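Working through the structure, step by step
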Amino acid sequence: MMDIVSNMLMKLVRRLDPEDAHRLALDALMLGLGGGNGSGRDDPALSVRAMGLRFPNPIGIAAGFDKNAQVIRPLARIGFGFVEAGTVTPLPQEGNPRPRLFRLTEDRAIINRMGFNNQGIDRFAVRMARLHKLPAKGNGAGARVPVGANLGINKNGADPERDYPRLVGRVKHYADYIVLNLSSPNTPGLRDLQQADRLQAILQAIGEAHPDRPPLLVKLAPDLARDDIGPVIEAVIAGGAQGVTVTNTTISRPDGLRSPHAGETGGLSGRPLRPLAETVLRDVAQIAAGRLTLVACGGIETGADIVDRVRAGADLVQLYSAFAYEGPGIVRRLKRETVRALNAEGFETLADAKGTA
Ligand SMILES: Cc1cc2nc3c(=O)[nH]c(=O)nc-3n(C[C@H](O)[C@H](O)[C@H](O)COP(=O)(O)O)c2cc1C
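Positions within a chain are numbered from 1, following the residues in the order the chain's sequence is written. Under the rules for a predicted model, residues below a pLDDT of 70 receive no local features and side-chain atom pairs below 80 are neither given nor counted, while totals for whole chains, interfaces and linings still include all residues. With hydrogens and water set aside, each side-chain value is computed from the structure's full complement of heavy atoms.

As annotated in an unreviewed UniProt entry, the chain carries the name Dihydroorotate dehydrogenase (quinone) and is attributed to Gluconacetobacter asukensis. UniProt positions are given in the numbering used here, feature names are shortened, and annotations may be inferred rather than shown by experiment. Under the UniProt heading Cofactor (unreviewed entry), the entry covering the chain gives this text: "FMN". Per UniProt, the chain carries the Function (unreviewed entry) text "Catalyzes the conversion of dihydroorotate to orotate with quinone as electron acceptor."

In structure tokens form, the structure reads like this:
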């Protein structure tokens, strides 16, 4: 029944302005209209251990969908194996003027220049704290899954060496892991923080202020020059972080885009991002050589995509665009396809497949 409601909602969602559609999707999730995980427990072949955490399946909802930590539990109920809330900044901010979100339907892609619209860390932290106190419900649908907090800086008045440690302090008791977003193309100067020395300084400041922090990851842009990936990864490790998320959206425009919106300014995600995100993942995996947890993101829309990323070295995966196009049913489909793709390639579990490419 909930699935029927959810399918009808998705038809409506696709006809709306994309930002109104996102708002409606959040409202529907808050009302419990997202539907459930079906029969509950995930196939044990899909379970993952990483960063000292247990994930019932490797499929997470990427940052930016639930910027204000409002629908973490409903997203878990849909069947995601983990949920990343944010990006949240120290102070609330409006983001860029609308329109700032574009569906490239012909390309199965999205361009966004939202610009970290969010309600700020105060409200975010209250919601995370409340969720943390709730008892985990049941062992299947709606059970507790790892929750990440994705952190960013305001457009005006930012001081990254001050702001990131403060933000970490606000969520460290409630988040299972923390991500520093240094890769959004829509906050001027943010991506410069990926420079090795700058990055290491920020990570060290966090380490000194918060030795008791949960596992820390850095989210990287797919547009890093190949030669810069090595120093960035070494800085992540030297700074004491546990992992990286590869990747955020791209400012590049791959050949062959057909949508009339392809020329809009902002970060491109979805199907056309896949080759680039995969290439960067392979480079990162080679350099990290088992020293980091790798979260793969960018253009994932099938179980085969998931097995490909895991074979390339990913521990976990995330998606946003394919979820926006397909709706909650995608999670169940991806789990089913991943088990099938594993078996077709002669693996019993995800862990068997990891890094075999
Ligand atoms: C509308 C929109 C908003 C996003 N906002 C954020 C954000 O606030 N923080 C972040 O780290 N990534 C953000 N992202 C990037 C996604 O988390 C993800 O890295 C990217 O979309 C690639 O995955 P996909 O191809 O599955 O969409 C956003 C993406 C979209 C489409």
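Having put the structure on the table, let's press on.
1. Some words on the overall build of the chain
Helix and strand counts for the chain stand at twelve helices and 13 strands. To get the radius of gyration, use the C-alpha atoms; to get the globule rule, take the number of residues to the power 0.38 and multiply by 2.2 Å. Its C-alpha radius of gyration of 19 Å places the chain within 12% of the 21 Å reference for a compact globule of 357 residues. Projected onto the principal axes, the alpha-carbon positions of the chain cover approximately 50 × 50 × 45 Å. The 357 residues of the chain split such that 57% are buried. Contacts were defined at the residue level, with two residues in contact if any of their heavy atoms lie within 4.5 Å. A separation threshold of at least 6 residues defines the contact pool for the chain, and within that pool the share at least 24 residues apart is 73%. Note on areas: Shrake-Rupley with a 1.4 Å probe; residue coverage comes only from the protein chains shown. Carbon together with sulfur atoms contributes 51% to the accessible area of the chain, which is approximately 14800 Å² in total. When charges are counted, neither His nor the chain ends are considered; positive counts come from Lys and Arg and negative counts from Asp and Glu. One atom stands in for each charge, and that atom is NZ of Lys, CZ of Arg, CG of Asp or CD of Glu. Taking the average place of the 45 positive charges on the side chains of the chain and the average place of its 38 negative ones, the gap between the two points comes to 7 Å. Counting from the N terminus, the helices are the DSSP runs of H or I reaching at least four residues and the strands are the DSSP runs of E reaching at least two. We call a residue buried when its accessible area falls under 20% of the maximum for its residue type, exposed when it is over 50%, and partly exposed in between, using a 1.4 Å probe and counting protein chains only.

2. Observations concerning the site of the ligand
Proximity is defined per residue: any heavy atom of the residue falling within 4 Å of a molecule or strand makes that residue near it. Inspection of the region around the ligand gives 23 residues, with Ala63, Thr87, Gly270, Gly299 and Ser321 positioned closest. Here a polar contact means two N or O atoms within 3.5 Å. Within protein one must be a hydrogen donor candidate and the other an acceptor candidate, and residues neighboring in sequence count only if both atoms are side-chain atoms. A distance of 2.8 Å is found between an oxygen atom of the ligand and a side-chain nitrogen or oxygen belonging to Lys219. Contacts to the ligand include Thr247, whose backbone N or O atom sits 3.1 Å from an oxygen atom. Classifying every residue of the shell around the ligand by side-chain character gives eight nonpolar, 13 polar and two charged. In this classification, the charged set is Asp, Glu, Lys and Arg, the nonpolar set is Ala, Val, Leu, Ile, Met, Phe, Trp, Tyr, Cys and Pro, and all remaining amino acids, among them Gly, are polar.

3. Quick look at the pairing of strand S6 (residues 109-112)
In S6, alternate side chains face the same way, and those of Ala109 and Ile111 on one face and Ile110 and Asn112 on the other are all buried. Strands qualify as paired when DSSP identifies two bridges or more between them. Bridge count between strand S5 (residues 101-104) and S6: four bridges; the pairing is antiparallel. Bridging from a neighbouring strand, Phe102 pairs with Ile111 of S6. Hairpin geometry of S5 and S6 is characterised by an intervening segment of four residues between the two adjacent antiparallel strands and by a positive phi of about 55° at Arg108. Relative to strand S11 (residues 267-270), S6 is paired through four bridges, and the arrangement is antiparallel. Bridge assignment links Ile110 to a residue of S11, and that residue is Ser269.

4. Observations concerning helix H2 (residues 18-30)
Under the 1.5 Å per step criterion, the end-to-end length of H2 is 18 Å for 13 residues, consistent within 8% with the ideal 18 Å. Among the residues of H2, those classed as buried are Pro18, Glu19, Ala21, His22, Leu26, Ala28 and Leu29. Given the number of residues in a helix, its expected span is that number minus one, multiplied by 1.5 Å.

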